[in-house]
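What the coordinates show
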2 protein chains.
Amino acid sequence: MKFNSQISNLPIYEAGKPIELVIREFGIEPQNVVKLASNENPLGCSPLALEAMKESIKCANLYPDDSYYELKESLANLYHVSSKNIVIGSGSDQVIEFIMHAKLNPNTAMLSAGVTFAMYEIYAKHIGAKIYKTSSATHNLNQLKEQYLAHKDEIKVIFLCLPNNPLGECLDANDVYEFISSVDSDTIVVIDGAYMEFAKFKDSKKAINPSDIVKLNNSIYLGTFSKAYGLGGMRVGYGIANDQIITAISKLRAPFNITTPSLAAAIAAIKDQAFITQTLENNFKEMKIFEKFATENGIEFIPSYTNFITFKFDTSRDSTQICDNLLRQGIILRNLKSYGLNAIRITIGTSKQNIKVLETLKKEI
Amino acid sequence: MKFNSQISNLPIYEAGKPIELVIREFGIEPQNVVKLASNENPLGCSPLALEAMKESIKCANLYPDDSYYELKESLANLYHVSSKNIVIGSGSDQVIEFIMHAKLNPNTAMLSAGVTFAMYEIYAKHIGAKIYKTSSATHNLNQLKEQYLAHKDEIKVIFLCLPNNPLGECLDANDVYEFISSVDSDTIVVIDGAYMEFAKFKDSKKAINPSDIVKLNNSIYLGTFSKAYGLGGMRVGYGIANDQIITAISKLRAPFNITTPSLAAAIAAIKDQAFITQTLENNFKEMKIFEKFATENGIEFIPSYTNFITFKFDTSRDSTQICDNLLRQGIILRNLKSYGLNAIRITIGTSKQNIKVLETLKKEI
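Residues numbered from 1 in each chain as written. Chains lettered and ligands numbered in written order. Predicted model: local features only at pLDDT ≥ 70, side-chain atom pairs only at ≥ 80, totals over all residues. Heavy atoms only, no water.

1. Digging into the interface of chain B and chain A
With 69 residues of chain B in contact, the opposing surface of chain A contributes 68 residues. At the boundary of chain B and chain A, one finds two salt bridges. One salt bridge in this structure joins Lys2(A) and Asp186(B), with 3.8 Å as the shortest N-O distance. If you look at where chain B meets chain A, you find 36 residue pairs in polar contact (both at pLDDT 80 or more). Of all elements in the fold, only helix H1 (5-8), helix H2 (19-26), helix H3 (47-56), helix H5 (92-103), helix H6 (118-127), helix H11 (243-250) and helix H12 (260-271) of chain B reach the threshold of two or more residues within the side of chain B that touches chain A. Considering every element that reaches the side of chain B that touches chain A, the biggest residue donor is H5(B), with four residues. Partitioned by chemical class, the residues of the side of chain B that touches chain A number 33 nonpolar, 23 polar and 13 charged. (Contact = heavy atoms within 4.5 Å. Salt bridge = Lys/Arg side-chain N within 4 Å of Asp/Glu carboxyl O. Polar contact = N/O pair within 3.5 Å; in protein donor to acceptor, adjacent residues only side chain to side chain. Helix = DSSP H or I, 4+ residues; strand = E, 2+ residues; numbered from the N terminus. Nonpolar A, V, L, I, M, F, W, Y, C, P; charged D, E, K, R; others polar.)

2. Things to note about the UniProt feature "modified residue: N6-(pyridoxal phosphate)lysine" (unreviewed entry) in chain A
All names here are of chain A. UniProt annotation of "modified residue: N6-(pyridoxal phosphate)lysine" (unreviewed entry) refers to Lys227 when read in the numbering used here. Here lysine 227 shows up in the loop between strand E7 (219-224) and strand E8 (237-241). At 3.2 Å, the side chain of lysine 227 forms a polar contact with the backbone oxygen of serine 38. (UniProt positions renumbered as here; feature names shortened; annotations may be inferred.)

3. A word on the sheet that holds strand E2 (residues 86-89) of chain A
Sheet strands pair by backbone hydrogen bonding; their relative direction is either parallel or antiparallel. Residues and elements named next belong to chain A. Overall, mixed pairing links the seven strands, which are arranged E2-E8-E7-E6-E5-E3-E4 in an open sheet. Two strands in the sheet have a free side with no partner beyond their single neighbour: E2 and strand E4 (130-133). Within the sheet, the average angular offset between the axes of one strand and its neighbour, ignoring direction, is 20 degrees. Bridge count for E7 against E8 is five bridges, and the pairing is antiparallel. The residue of E8 that forms the bridge with isoleucine 220 is alanine 241. On top of the sheet, helix H8 (residues 173-181) reaches strand E5 (155-161), strand E6 (188-192) and E7; it is set at about 160 degrees to E6, its chief contact. (Pairing = 2+ DSSP bridges. Axes fitted to C-alpha atoms, helices over the stretch in contact; angles between N-to-C directions.)

4. Focus: the relation of the copies chain B and chain A
Superposing chain B onto chain A requires a rotation of 180 degrees together with a translation of 0.0 Å along the rotation axis, leaving an RMSD of 0.0 Å. Read as a symmetry element, the transformation amounts to a two-fold axis. Using C-alpha coordinates, one finds that chain B approaches the rotation axis most closely at Lys54(B), a distance of 3.2 Å. Comparing interface residues between copies, 99% of those in chain B also sit at the interface in chain A, which points to an isologous, same-surface contact. (Least-squares fit on C-alpha atoms with pLDDT ≥ 70 in both.)

5. Brief notes about H3(B)
Residue and element names in this part refer to chain B. Within H3 the residues assigned to the buried category are Ala49, Ala52, Met53 and Ser56. For H3, the buried positions fall inside an angular range of 100 degrees around the axis, keeping them on one side. Buried residues belonging to H3 abut H12. Its side-chain oxygen placed 2.9 Å from the backbone nitrogen of leucine 48, serine 46 serves as the N-cap of H3. (Buried < 20%, exposed > 50% of the residue type's maximum accessible area, 1.4 Å probe, protein only. Arc of directions from axis to C-beta.)

6. Notes on the sheet that holds strand E13 (residues 343-347) of chain A
Residues and elements named next belong to chain A. Strand order across the open sheet formed by four strands is E9-E10-E13-E12, with antiparallel pairing between neighbours. The outermost strands of the open sheet, each flanked by one partner alone, are strand E9 (300-301) and strand E12 (334-335). Taken together, the five bridges between strand E10 (residues 308-312) and E13 define a ladder with antiparallel strand orientation. Note that in E13 the partner of phenylalanine 311 across the bridge is isoleucine 344.

In structure tokens:
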């Protein structure tokens with residue numbers, strides 16, 4: 001059987017190794033596994049969200065309210081936009097997929113930073129669209145502008161991952177707004193704010209406001225409940241943009257794209273902003289331990305506006321070797337070799353997890 | 001902003017009206033709403049699945065094991081196939097989407113019965129592929145063969161919804177196998193078995209076995225946890241086919257496409273086949289009440305192999321009027337007017353729900 005031509009060359013996204021796999025492959029007891037590979041919230045989620053899920057699973061036989069009325073209203077209040085400006089996705093990943101299918105085809109292209117969220121490229125490949133990246137691994141607006149101008153007719157989607165996964169850097173909001181205004185009205189600039197809560201907390205100059213984005217005709221803001229909100233396992237994300245963009249991409253949303261408990265959890269989680277503050281405070285307090293470790297051990301790191309930190313190694317050390325050695329000891333980190341970097345991304349965990357990871361890492365470097 | 005040309009003409013799938021909407025619009029108390037519109041299991045789900053979800057929500061911050069190892073192993077055991085023959089979707093809807101994107105493009109076409117699951121057509125429209133249907137509303141293999149032969153070069157996907165949603169009829173398995181063997185090896189025949197547990201229980205001649213489908217090079221079987229398993233709100237479905245087909249469509253699966261509690265629920269639900277038997281027995285016992293009502297009131301109905309029954313009205317009655325009148329009284333049924341039928345699809349509910357629906361319906365017809 002033949003498949004559409006783009007299928008044959010498609011890579012498969014390598015998700016962070018699950019705890020279950022380490023248990024199966026290395027026979028390590030579940031309680032001894034430390035997974036700091038997928039930027040999950042080490043504090044769990046809000047007790048309000050947990051309570052909402054506990055109630056909601058009793059209705060697991062019932063499809064969710066597909067209008068997502070209450071969730072959209074809650075997000076609209078949070079961000080000072082209208083619920084008509086919001087689309088809900090199964091993670092913000094799915095909103096990326098909607099955008100790609102609405103704007104791209106094999107005659108068009110996307111543009112992103114050199115090293116950024118892998119799914120942008122994968123979705124472009126699903127469609128057979130062309131992919132342009134900057135030579136700079138991190139976001140460099142001058143390079144992005146240059147590339148955009150060089151391929152203006154082709155590029156219909158530009159991704160700014162702010163702050164950037166898997167590197168952690170972030171642009172200033174004013175520079176971003178200026179960049180968007182320099183882009184044609186038929187090219188959409190996607191502000192992927194999956195980790196924006198962290199960046200905003202660390203430095204208010206990084207804050208991109210969805211209420212500013214909805215005023216533009218060529219940009220969309222993406223948010224998620226997977227990171228600061230601690231609901232990675234529930235798969236809820238959203239896109240915020242002007243009505244015209246939301247109407248178009250909503251047509252690609254299949255009904256019931258999030259689960260009944262996911263909907264309940266997200267609605268409840270928004271009500272508990274104290275949990276978010278606690279998450280952010282813990283994150284940046286613990287991050288200092290990693291920065292200190294790196295400095296003391298001669299490891300380069302990228303100042304991070306997220307809930308992870310990326311350690312870059314010189315040629316005397318190999319990230320794959322280090323990750324493999326740690327894995328055998330039940331510690332799961334994210335090797336960035338597949339991104340072309342001799343680097344490891346480490347999620348900021350609980351104090352106990354962080355101490356264990358750094359103690360083990362110390363012996364392996 | 002311009003979007004890909006197929007977007008502008010896309011319809012939006014009209015999901016069954018949620019209970020929340022009836023509460024909001026008509027001010028009816030939640031406990032007085034009867035929703036028999038979305039073929040949800042009126043008995044809920046297995047207590048084992050409920051228990052698994054209760055445990056699992058404690059890990060809502062953690063992404064699921066994206067290999068879906070245990071779920072695939074459980075399905076492989078259930079169906080006597082290999083886990084390599086299985087792909088997991090966010091509902092079987094998503095597996096349909098994978099198949100469409102792998103096989104269709106604007107130069108190709110899909111074929112289905114005249115009235116069948118609406119998402120086939122919607123996904124084809126997402127891609128801009130052509131849609132062929134038989135003039136027969138229900139599955140008519142002679143007509144399907146005729147249409148296929150008339151447009152053989154274009155048709156790359158054929159849907160057989162067995163039993164058929166929203167009409168309820170089902171073909172005999174032997175006829176289906178014979179049909180598949182008459183179809184070219186480059187055209188995939190999708191056996192959508194979302195309601196197959198019901199059909200098999202009523203008449204073993206309807207049973208399509210995934211273990212037979214994996215031996216073929218041009219067919220895929222779809223199953224779901226949304227119907228007999230009572231997990232509609234959890235969005236878990238699957239496709240079973242030979243390795244080559246599964247490998248190709250798996251490339252279009254984004255990571256973490258089901259939630260952490262959904263994964264736990266599905267694994268546990270498979271272990272409780274007694275719950276499935278109870279569901280099936282209750283369903284066909286209660287269905288008799290609907291059949292009797294229809295006969296007594298001169299309403300035509302299609303003998304159903306599913307968990308719903310479709311009442312077809314003559315010109316003296318209008319399905320839209322009836323549904324609207326019921327809705328104001330807090331009873332949600334599925335009007336089939338948008339399918340071009342003066343008919344209503346009613347999910348078989350609990351005994352109490354069924355009595356209330358039929359008593360109210362009696363006054364409206």
